[in-house]
There are 2 protein chains.
Amino acid sequence: MASMLLSRQLSCCLQQNSRLLVFGHRYISQAAAKIDVDFDYDGPLMKTEVPGPRSRELMKQLNGIQNAQAVHFFCNYEESRGNYLVDVDGNRMLDLYSQISSIPIGYSHPSLIKLLQQPQNLSTFVNRPALGILPPENFAERLKESLLSVAPKGLSQVITMSCGSCSNENAFKAIFMWYRSKERGHNNVTKEELESCMINQPPGCPDYAMLSFMGGFHGRTMGCLATTHSKAIHKLDIPSLDWPIAPFPRLKYPLEDFVKENQQEEARCLEEVEDLIVKYRKKKKIVAGIIIEPIQSEGGDNHASDDFFRKLRDIARKHGCAFLVDEVQTGGGCTGKFWAHEHWGLDDPADVVTFSKKMMTGGFFHKEEFRPNAPYRIFNTWLGDPSKNLMLAEVIKVIKREDLLNNAAHAGKALLTGLLDLQARYPHLISRVRGRGTFCSFDTPNDATRNKLITIARNKGKAICV
Amino acid sequence: MASMLLSRQLSCCLQQNSRLLVFGHRYISQAAAKIDVDFDYDGPLMKTEVPGPRSRELMKQLNGIQNAQAVHFFCNYEESRGNYLVDVDGNRMLDLYSQISSIPIGYSHPSLIKLLQQPQNLSTFVNRPALGILPPENFAERLKESLLSVAPKGLSQVITMSCGSCSNENAFKAIFMWYRSKERGHNNVTKEELESCMINQPPGCPDYAMLSFMGGFHGRTMGCLATTHSKAIHKLDIPSLDWPIAPFPRLKYPLEDFVKENQQEEARCLEEVEDLIVKYRKKKKIVAGIIIEPIQSEGGDNHASDDFFRKLRDIARKHGCAFLVDEVQTGGGCTGKFWAHEHWGLDDPADVVTFSKKMMTGGFFHKEEFRPNAPYRIFNTWLGDPSKNLMLAEVIKVIKREDLLNNAAHAGKALLTGLLDLQARYPHLISRVRGRGTFCSFDTPNDATRNKLITIARNKGKAICV
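Residues numbered from 1 in each chain as written. Chains lettered and ligands numbered in written order. Predicted model: local features only at pLDDT ≥ 70, side-chain atom pairs only at ≥ 80, totals over all residues. Heavy atoms only, no water.

S.K.: Hey, could you run me through the overall build of chain A in this one?
M.R.: Looking only at helices and strands, one finds 15 helices and 13 strands in chain A. Taken against the 2.2 N^0.38 rule, which gives 23 Å for 466 residues, the C-alpha radius of gyration of chain A at 23 Å falls within 12% of a compact globule. Along the first, second and third principal axes, the C-alpha set of chain A runs to 70 × 60 × 45 Å. By residue count, 66% of the 466 residues in chain A fall in the buried class. Long-range pairs, those at least 24 residues apart, make up 71% of the contacts in chain A with a sequence separation of at least 6. Carbon and sulfur atoms make up 51% of the accessible area of chain A, which totals about 16300 Å². (Helix = DSSP H or I, 4+ residues; strand = E, 2+ residues; numbered from the N terminus. Rg over C-alpha atoms; globule rule 2.2 N^0.38 Å. Buried < 20%, exposed > 50% of the residue type's maximum accessible area, 1.4 Å probe, protein only. Contact = heavy atoms within 4.5 Å. Areas by Shrake-Rupley, 256 points an atom, 1.4 Å probe, with all protein chains shown as cover.)

S.K.: How should the confidence of the model for chain A be read in this particular structure?
M.R.: Interpretation of the predicted coordinates at a detailed level should be avoided for regions scoring low in pLDDT. All names here are of chain A. The share of residues in chain A with pLDDT of 70 or more is 91%, and the mean pLDDT across the chain is 91. Overall, residues 16-37 carries pLDDT values under 50, and its contacts beyond four positions in sequence, including any with other chains, amount to 69 contacts. For this predicted complex, the interface score ipTM comes out at 0.93, alongside a pTM of 0.94. (pLDDT = per-residue confidence, 0-100.)

S.K.: Help me understand the pattern of salt bridges, please; the structure alone is not making it clear to me.
M.R.: Note on pairing: side chains with opposite charge can pair once their charged atoms come close. Evaluation of the coordinates by the stated rule reveals 64 salt bridges over all chains. Asp237(B) serves as the salt-bridge partner of Arg377(A), at 3.1 Å between the closest nitrogen and oxygen. One end of the pair, Arg377(A), is in the loop between strand S10 (362-366) and helix H13 (386-401); the other, Asp237(B), is in the loop between helix H10 (232-235) and strand S6 (245-246), on a second chain. Neither residue differs from the other here; Arg377(A) and Asp237(B) are each classed as buried. Here Glu298(B) ties to Lys231(B) by a salt bridge, and the two come within 2.8 Å at their closest N and O atoms. Taken together, the positions of Glu298(B) in the loop between strand S7 (286-292) and helix H12 (306-318) and Lys231(B) in the loop between helix H9 (222-225) and H10 put the pair 67 residues apart, joining distant regions of the chain. (Salt bridge = Lys/Arg side-chain N within 4 Å of Asp/Glu carboxyl O.)

S.K.: What's the story with the pairing of strand S12 (residues 439-443) of chain A in this structure? I'm lost.
M.R.: A regular strand places its side chains on the two faces of the sheet in alternate fashion. Residue and element names in this part refer to chain A. Extensive coverage of S12 is indicated by the burial of five of its five residues. Of the two faces of S12, the one carrying Phe439, Ser441 and Asp443 and the one carrying Cys440 and Phe442 are both buried. Of the strand pairs in this sheet, strand S11 (residues 431-436) and S12 are connected by four bridges, and their pairing is antiparallel. Residue pairing across strands places glycine 435 opposite cysteine 440, the latter belonging to S12. What sits between S11 and S12 in their antiparallel hairpin is a turn of two residues, with glycine 437 showing a positive phi close to 60°. (Pairing = 2+ DSSP bridges.)

S.K.: Please clarify how the sheet that holds strand S6 (residues 245-246) of chain A should be interpreted in this entry.
M.R.: Backbone-to-backbone hydrogen bonds pair the strands of a sheet. The strands run either parallel or antiparallel. All names here are of chain A. The seven strands lie next to each other as S4-S10-S9-S8-S7-S5-S6, forming an open sheet whose pairing is mixed. Pairing within the sheet leaves two strands with one partner each, and these edge strands are strand S4 (157-161) and S6. Alignment of strand S5 (residues 208-213) against strand S7 (residues 286-292), held across four bridges, turns out to be parallel. In the sheet register, tyrosine 208 faces S7, and the bridge partner there is isoleucine 286.

S.K.: Would you take a moment to explain the nonpolar core for this structure?
M.R.: Where a protein is soluble and globular, its nonpolar side chains tend to be buried together. Ranked by size, the top nonpolar core spans 223 residues in total, and within it Phe213(A), Phe213(B) and Phe308(B) carry the most contacts. Excluding anything up to four places from it in sequence, Phe308(B) contacts Phe213(B), Phe248(B), Pro249(B), Glu266(B), Cys269(B), Leu270(B) and Ile292(B). (Core = buried A, V, L, I, M, F, W, Y, C linked by side-chain atoms within 4.5 Å.)

S.K.: Hey, could you run me through unusual backbone geometry in this one?
M.R.: Comment: phi is negative for the bulk of residues other than glycine, and the bulk of peptide bonds are trans. Geometrically, the link from Pro202(A) to Pro203(A) is a cis peptide bond, its omega value of 5° lying close to zero. Residue position: Pro203(A) is located in the loop between helix H8 (191-198) and S5. Along the chain, Val50(B) connects to Pro51(B) via a cis peptide bond; the corresponding omega equals 0°. With respect to the helices and strands, the residue Pro51(B) is situated in the loop between helix H1 (26-33) and helix H2 (53-63).

S.K.: Looking at this structure, I do not really get the relation of the copies chain A and chain B. What am I missing?
M.R.: Think of it as a corkscrew move, a rotation about one axis and a shift along it, taking one chain copy to the other. It takes a turn of 180° to lay chain A on chain B, together with a shift of 0.0 Å along the axis; the resulting RMSD is 0.0 Å. Viewed as a symmetry operation, the transformation between the two copies matches a two-fold axis. Of all interface residues in chain A, 99% are interface residues in chain B too; the two copies therefore contact each other through one and the same surface. (Least-squares fit on C-alpha atoms with pLDDT ≥ 70 in both.)

S.K.: How should I be thinking about the environment of Gly437(A) in this particular structure?
M.R.: Residues and elements named next belong to chain A. Turning to its location among the elements, glycine 437 is positioned in the loop between S11 and S12. Remark: the alpha-carbon pair of glycine 437 and alanine 424, spanning 13 residues in sequence, is separated by 20 Å. Those residues in contact with glycine 437, other than ones at most four positions away along the chain, are Cys334, Thr335, Gly336, Ala408 and Gly412.

S.K.: Could you clarify how one ought to interpret the packing of helix H11 (residues 259-282) of chain B against H12(B) in this entry?
M.R.: Each pair of packed helices can be summarised by the angle the axes make with each other and by the distance between the axes. All names here are of chain B. Between H11 and H12, the shortest axis-to-axis distance is 11 Å and the interhelical angle comes to 15°. Judged on the interaxial angle alone, H12 and H11 are roughly parallel. The interaxial crossing formed by H11 with H12 has right-handed handedness. Contacts from Glu266, Cys269, Leu270, Val273, Glu274 and Ile277 in H11 reach Phe308, Lys311, Leu312, Ile315 and Lys318 in H12. (Axes fitted to C-alpha atoms, helices over the stretch in contact; angles between N-to-C directions. Parallel < 35°, antiparallel > 145°, perpendicular 65-115°, else oblique. Left-handed = near helix turned anticlockwise from the far one by under 90°.)

S.K.: Help me out: how do you make sense of helix H2 (residues 53-63) of chain A in this one?
M.R.: Of all the positions in H2(A), only Ser55(A), Leu58(A), Met59(A) and Leu62(A) are classed as buried. Viewed along the axis of H2(A), the buried residues span an arc of 110°, placing them on a single side of the element. Facing away from the buried side of H2(A) by more than 90 degrees, the exposed set consists of Pro53(A) and Lys60(A). Of the surrounding elements, those touching the buried residues of H2(A) are helix H6 (139-145) of chain B. (Arc of directions from axis to C-beta.)

S.K.: Would you mind showing me how to read the sheet that holds strand S13 (residues 462-463) of chain A here?
M.R.: Residue and element names in this part refer to chain A. Pairing is mixed in the open sheet, where three strands are placed in the order S2-S3-S13. Two strands lie at the open edges of the sheet, namely strand S2 (84-86) and S13, each paired on one side alone. Taken together, the two bridges between strand S3 (residues 92-95) and S13 define a ladder with parallel strand orientation. Bridging from a neighbouring strand, leucine 94 pairs with lysine 462 of S13.

S.K.: What should I look at first to understand the interface of chain A and chain B in this one?
M.R.: Interface size, as often reported, equals the accessible area lost upon joining of the parts. Residue-level contacts link 122 residues of chain A with 121 residues of chain B. Taken together, chain A and chain B are joined by eight salt bridges. When the shortest N-O distance is used, the salt bridge between Glu137(A) and Arg54(B) registers 2.9 Å. For the pair chain A and chain B, the number of links is 62 residue pairs in polar contact (both at pLDDT 80 or more). Examining the composition of the side of chain A that touches chain B, we find that seven residues originate from one element, helix H7 (residues 164-184) of chain A, more than from any other. In terms of residue class, the side of chain A that touches chain B is built from 68 nonpolar, 33 polar and 21 charged. (Polar contact = N/O pair within 3.5 Å; in protein donor to acceptor, adjacent residues only side chain to side chain. Nonpolar A, V, L, I, M, F, W, Y, C, P; charged D, E, K, R; others polar.)

S.K.: Before we go on, may I ask you to explain the packing of aromatic side chains in this structure?
M.R.: Residue and element names in this part refer to chain A. According to the stated counting rule, one finds 39 aromatic pairs over all chains in the structure shown. Ring geometry for tryptophan 339 and phenylalanine 355: centres 6.2 Å apart, planes at 50°, overall tilted. With a gap of 16 residues between them, tryptophan 339 in the loop between strand S8 (322-326) and strand S9 (352-355) and phenylalanine 355 in strand S9 connect regions that are remote in the sequence. On the accessibility criterion, phenylalanine 355 (0% relative accessible area) is buried. (Phe/Tyr/Trp six-rings, centres within 6.5 Å; stacked < 30°, edge-to-face > 60°.)

S.K.: Please clarify how H12(B) should be interpreted in this entry.
M.R.: Residue pairs three or four apart in sequence face the same way in an α-helix, which turns once every 3.6 residues. All names here are of chain B. With 13 residues, H12 extends 19 Å between its outermost C-alpha atoms, agreeing within 8% with the 18 Å of an ideal straight helix rising 1.5 Å per residue. Within the sequence span of H12, burial applies to Asp306, Phe308, Phe309, Leu312, Arg313, Ile315 and Ala316. Downstream of H12 by a residue or two, glycine 320 has a phi angle that is positive, lying close to 70°. (Expected span 1.5 Å × (residues − 1).)

S.K.: Help me understand the side chain of Asn121(A) in this model?
M.R.: Residues and elements named next belong to chain A. Within the fold, asparagine 121 resides in the loop between helix H4 (110-117) and helix H5 (122-126). Within the local environment of asparagine 121, its side chain forms a polar contact with the backbone oxygen of leucine 115, the two atoms lying 2.9 Å apart. Not counting residues within four places of it along the chain, the set of residues in contact with asparagine 121 comprises Leu115 and Leu390.

S.K.: Looking at this structure, I do not really get the packing of H4(A) against H13(A). What am I missing?
M.R.: Residue and element names in this part refer to chain A. One can describe the packing of H4 onto H13 by two numbers: an axis separation of 10 Å at closest approach and a directional angle of 145°. Every pair of crossing elements has a handedness; the one defined by H4 and H13 is right-handed. Seen from H4, the contacting residues are Ser111, Leu112, Leu115 and Leu116; seen from H13, they are Leu390, Met391, Glu394, Val395, Val398 and Arg401. Looking at the contact of H4 with H13 residue by residue, the class counts come to seven nonpolar, one polar and two charged.

S.K.: Sorry if this is basic, but what is going on with the environment of Glu145(B) here?
M.R.: All names here are of chain B. As for its position among the elements, glutamate 145 is in helix H6. Accessibility expressed as a relative area gives 33% for glutamate 145, which makes it partly exposed. C-alpha separation for the pair glutamate 145 and asparagine 389, spaced 244 residues apart in sequence, amounts to 9.2 Å. Polar contacts involving the side chain of glutamate 145 include one to the side chain of arginine 142, which spans 3.1 Å.

Here it is as structure tokens:
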């Protein structure tokens, strides 16, 4: 069990799902007592600096095959357990980053190991089908016990994909089809549409757009990348599309001291959204949908108020645009609810919600009206992977059984309290402390300070990769 | 062991990899004798029409969750073995389509089952890492024993991805970066480039294009979709990019009777490629790369001569464009060589080769000069899946141990001979018989005939899905 004090936590961006993110804090310890943690380590254990000599050797080797400069260190996953990541030099670190927020219930969870050992599950891992044409007998049943058991309110339909980018790309396509079908008002497609789409031209390929936000990240394939605006390195040299980009609120902290300023900031951004929809419509580029993250993650952990999102949802409805909530990074429980957008209390649900990462499979939920009107329109060879659905079903069982959503909420509160305390003591190092559940972060005055904090924390046994 | 005669084979598109695609043909039987087939069935066994009652019931159930109209039938993968696919109504069919060409060595292969049962492999399935930052200790080694052991000549670099679309999308990006870097001539990126790319505008997002071929299929995400031109249903209602599209040769069969006509047809297409590169360059849209499949698969099994591809490679070089060979569907051995483009005998290798499907993991090989010049440029959360690399390493061992490339070549010859025989006997039903390895096909006079042939074949125990 992790025994370090909260005051020793240092991180820029803590996106743990929850399981064993427990600190020396009384009510968290009580919550943790319910959890089966007999397989877990009792704390970090450092043997070398990180990356250590073996990691460095392996980096060199990998770098002969591909650019390996992003590698932080190499891992021994066999020895990693719960929230503890073990590297190839034998260092055991509390993992505060959980593989870019993609590990739902920690490493080597006994329930997942058991699942793999059951002979009846072998076939699911060995025989990967083309799910759209030849699904396994239990496909619908498995979707019900996994994804549909946690479906956001109002979204009865689900399609699985292999990764986050494919999820957003296909959600865009479903939105474009929905919009065109609305515009047509009937099901008759013209010969001109059928012919022009084959050569990438309108009217078959209409001039539709997705509106996105500056600072957002929605993936790296070309459609997604046109809505991603977090870092230049992702976009440089790649051709793109002229799609509208609205400002995302830049809130001032602490929130209670800047109520009026923040309201004005959010109102300004919402006004810009409406202006952009109108402006683009005038130049014959139709905004078919709006995509947004509940917390801009890759873009620097930017939050907005629940009220901002509710009003944005209203704007989408008013202008006939689909409202797509990208929960690839925020979904799966880390904010204390299964989906971060559940915090908003929307009257009218989102139209489409995309997921991946901690959900183990990519995909998207959607309202019935966004259902493709013909087979093969939203389609690819694999359409996800039943072995991931099988594991997800088990993960969801664990989350429910171990009350991990509440655990994330409680652990998050303790974490945030600790970070606020640190901010009060070290205001020259830490500012803008913010978070929801364990999805917590703070700003440092500059990159050098951030990097120094990360290095110190890592060498004290906290694996943080930014 | 499959004992049916070749004359009973009916199919429009046969893309089996090889393993047990053995017919009542003498030298094939000899080759097959070397193969460990003790787990295989001895023939098809039909109990109901297909889809049967249980499949129909499950289709209805799945249709409540997603559009399930593309489903052919539901499968019992636990009971499926080798080339025999068993459905939920107990029908056992010779699978001539292998999950849209994505199953490399048949169902429930004993070597893969064994792999899953080994305790030391459990962690690989349970702990999926973010490969770009925290790879497992054996990552480079596993790449060497799997993908790099079959790397196309001249391509020393490899990056893994989760699916075929992501592989092509990222290959495009690597090509665009390479082209821009060439154009810049140095590594200094301007402030204007960094700022403009954040809002999707040039010069940061340059107006580059990929040249593709009519009839080609390269995936369904927005970048890939701009190069896909096989069927309108894939493209209708989705905004696209104005990228050049060249004609793909439409060869006349039998080839030996139309040598001159086919040469002229190929020359016409190549001329059009050059014209398009020049024409687009004039309108300031630069063709950075050319993408092509060795056999246009989804587009209707369209072949061209080795000479055509060699000349196309020369054109790419002449105009400074990258030459991308999409082996997503053709790679993995079904043409009798591991990569279909190995048949061409290129002097200068392809620049980039993409793969997925039978390779179990997506990704692309590339020449060293296409290596991204900085970390995080070609990147995403998962970058593939080490559990797929593990299975691929085993699949490649099986392919080598059981000499499956030669088996595919021999079985393909037998299949093609049989199809030619059928064509001679039923010229009103079957025409344009063509193939390479087991990648064989023929045309029918119309869709109705095709569908009737498929239904008859399926109900006789041949699973063919088109």
